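Okay, here's what each chain looks like letter by letter:
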Amino acid sequence: MTADLETLSRWQSHGGTQFVYRHASQACRCDMTFSLFLPPQAEDGPCPLLIYLSGLTCTHANVTEKGEFRAAAARHGLAILCPDTSPRGDGIPDDEAYNFGTGAGFYVDASEAPYDTNYRMASYVSDELPAIVVDHAGIDAGRQSIFGHSMGGHGAIVTALRHSGRFRSVSAFAPICAPSSTEWSQKAFARYLGSDETAWRAWDSVALIEDGARVGELLVDQGEADEFLESGLRPWLLKEACAQAGIPLTLNMREGYDHSYYFISSFMSEHVAWHAERLKA
């Protein structure tokens, strides 16, 4: 890695290496922290990149410490990149609510002051950060995929829909499927994107599909015991939109599972393997 990246930690794991870095982000105009797992195969040449976007209140650390992805990533030879969920630090506009401000960037590029200066998470996760790791970590720029959980599941699907052909595959755990229509997200959308709800459609998975955006296929796992299923997630809306658009969707409703990392880690290896198959095709 270059001197522009500060190494915060480094661990050996499953034959590969788990890093945590900090750097000065041009998109977010503040220091950002992210984790990157390089599998043992990275010593022999460029590896495919799988980007994981985390949910509300999380940082890079939640999935890095609880996601249990390294064994599968090492087996399949995938690098796993885990960004933070928002800009952070002194001078960053924030809010006391858990679903807005720090920890809740919603992976949009804010257009409303004062958030438009720092809350540029869409540009950060789709452009700036992947370019950094491709340039400096032995990543195959032509083989990238994306997935995430909850707010990050929303971010992963929206990012793939907005960048048609960029990602080989996209999947999600319990994504916020129609953020324009849920109380979970409406406050954030109004303050990041303005009061004109037509502008929100560009950041809403269901609306993007209704408006013609496409991906090749989708994999979604959703816990049936998820306490946010009705109020915030609403996977049936995504199912309807995909059916009408002809997008193949595999929606696994998992009996007894909730919204936690106990759920995510239970099916993480399946998602990694699913992406690996498409990244290596």
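Structural data are supplied above this passage.
Residues numbered from 1 in each chain as written. Predicted model: local features only at pLDDT ≥ 70, side-chain atom pairs only at ≥ 80, totals over all residues. Heavy atoms only, no water.

Participant: Before we move on, could you go through the overall build of the chain and cite the residues and values that matter?
Facilitator: The number of helices and strands found in the chain is nine helices and nine strands. Taken over C-alpha atoms, the radius of gyration comes to 17 Å for the chain, in line with the 19 Å a tight globule of 281 residues would show. Within the span of the chain, comprising 281 residues, buried residues form 58% of the whole. In the chain, the proportion of contacts linking residues at least 24 apart, taken out of those at least 6 apart, comes to 71%. Summed over its atoms, the accessible surface of the chain is roughly 11200 Å², and 45% of this surface lies on carbon and sulfur atoms. (Helix = DSSP H or I, 4+ residues; strand = E, 2+ residues; numbered from the N terminus. Rg over C-alpha atoms; globule rule 2.2 N^0.38 Å. Buried < 20%, exposed > 50% of the residue type's maximum accessible area, 1.4 Å probe, protein only. Contact = heavy atoms within 4.5 Å. Areas by Shrake-Rupley, 256 points an atom, 1.4 Å probe, with all protein chains shown as cover.)

Participant: Can you explain the packing of aromatic side chains? Please cite residues and give values.
Facilitator: Under the definition given, this model contains 17 aromatic pairs. Here tyrosine 52 and phenylalanine 147 contribute two aromatic rings whose centre-to-centre distance is 5.0 Å and whose plane-to-plane angle is 80°, an arrangement assigned as edge-to-face. Of this pair, tyrosine 52 sits in strand E4 (residues 47-53) while phenylalanine 147 sits in strand E6 (residues 139-149), and the two are 95 residues apart along the sequence. What makes tyrosine 52 buried here is its relative accessible area of 1%. For the pair tyrosine 257 and phenylalanine 267, a centre-to-centre distance of 5.0 Å together with 70° between the ring planes defines the contact as edge-to-face. Of the two residues, tyrosine 257 sits in the loop between strand E9 (249-254) and helix H9 (261-279) while phenylalanine 267 sits in helix H9, which places them ten residues apart along the sequence. Judged by relative accessible area, phenylalanine 267 falls into the buried class, the value being 8%. Here the basic side chain of arginine 70 rests over the ring of phenylalanine 69, its NZ or CZ set 4.9 Å away from the ring centre. Its guanidinium or amino end placed over the ring of tryptophan 203, arginine 162 lies 3.7 Å from that ring's centre, counting from NZ or CZ. (Phe/Tyr/Trp six-rings, centres within 6.5 Å; stacked < 30°, edge-to-face > 60°. Lys NZ or Arg CZ within 6 Å of the ring centre and 35° of its normal.)

Participant: Can you tell me about helix H5 (residues 183-193), naming the residues and giving the values?
Facilitator: For H5, the complete set of buried residues consists of Trp184, Ser185, Ala188, Phe189, Tyr192 and Leu193. Looking straight down H5, one finds that the buried residues subtend no more than 105° of arc, so they occupy a single side. On its buried face, H5 is in contact with helix H4 (151-162) and helix H7 (229-233). Remark: glycine 194 follows H5 within two positions and exhibits a positive phi of approximately 100°. (Arc of directions from axis to C-beta.)

Participant: Pulling in residues and values, what's your account of the state of the cysteines?
Facilitator: Using the criterion set out here, one finds zero disulfides in the structure. Free cysteine cysteine 47: the closest other cysteine sulfur is in cysteine 82, separated by 15 Å. Here cysteine 242 is not disulfide-linked; the sulfur of cysteine 177 is the nearest cysteine sulfur, at 8.7 Å. Using a relative accessible area of 1% as the deciding quantity, one classes cysteine 242 as buried. (Disulfide = S-S within 2.5 Å.)

Participant: Go over the sheet that holds strand E7 (residues 170-173), please, and point to the residues and values.
Facilitator: In spatial order, the strands read E1-E2-E3-E5-E4-E6-E7-E8-E9; together these nine strands make up an open sheet with mixed pairing. Two strands bound the open sheet, and with one partner strand each, they are strand E1 (6-13) and E9. Put simply, the sheet's adjacent strands are angled 20° from each other on average, direction ignored. In the packing of helix H3 (residues 121-136) onto the sheet, the strands contacted are strand E2 (16-25), strand E3 (30-38), E4, strand E5 (79-82) and E6, and the crossing angle to E2 comes to about 125°. Packing of helix H8 (residues 235-245) onto the sheet brings it into contact with strand E8 (218-223) and E9, and relative to E9 it is tilted by some 160°. (Pairing = 2+ DSSP bridges. Axes fitted to C-alpha atoms, helices over the stretch in contact; angles between N-to-C directions.)

Participant: Any chance you could break down the pattern of salt bridges for me, citing the residues and the numbers?
Facilitator: Applying the stated criterion across every chain yields a total of twelve salt bridges. One salt bridge connects arginine 201 with glutamate 210, and the closest N-O pair in it is separated by 3.1 Å. Between glutamate 217 and arginine 278 there is a salt bridge, and its shortest N-O distance comes to 2.7 Å. Note that glutamate 217 is positioned in the loop between helix H6 (205-210) and E8 and arginine 278 in helix H9, a separation of 61 residues in sequence. You can call glutamate 217 partly exposed: its relative accessible area is 28%. (Salt bridge = Lys/Arg side-chain N within 4 Å of Asp/Glu carboxyl O.)

Participant: Any chance you could break down the environment of glutamate 68 for me, citing the residues and the numbers?
Facilitator: Along the chain, glutamate 68 turns up in the loop between helix H1 (60-66) and helix H2 (70-76). Accessibility expressed as a relative area gives 56% for glutamate 68, which makes it exposed. The spacing of glutamate 68 and isoleucine 264 is 196 residues in sequence and 8.8 Å in space, taken between C-alpha atoms.

Participant: A description of the nonpolar core should follow, citing residues and the corresponding values.
Facilitator: Residues Phe34, Leu36, Tyr52, Phe106, Tyr124, Tyr192 and Met268 are the most contacted members of the largest nonpolar core, which totals 90 residues. Dropping the residues within four chain positions of it, methionine 268 is found in contact with Tyr52, Val63, Gly67, Glu68, Phe69, Phe147 and Phe173. (Core = buried A, V, L, I, M, F, W, Y, C linked by side-chain atoms within 4.5 Å.)

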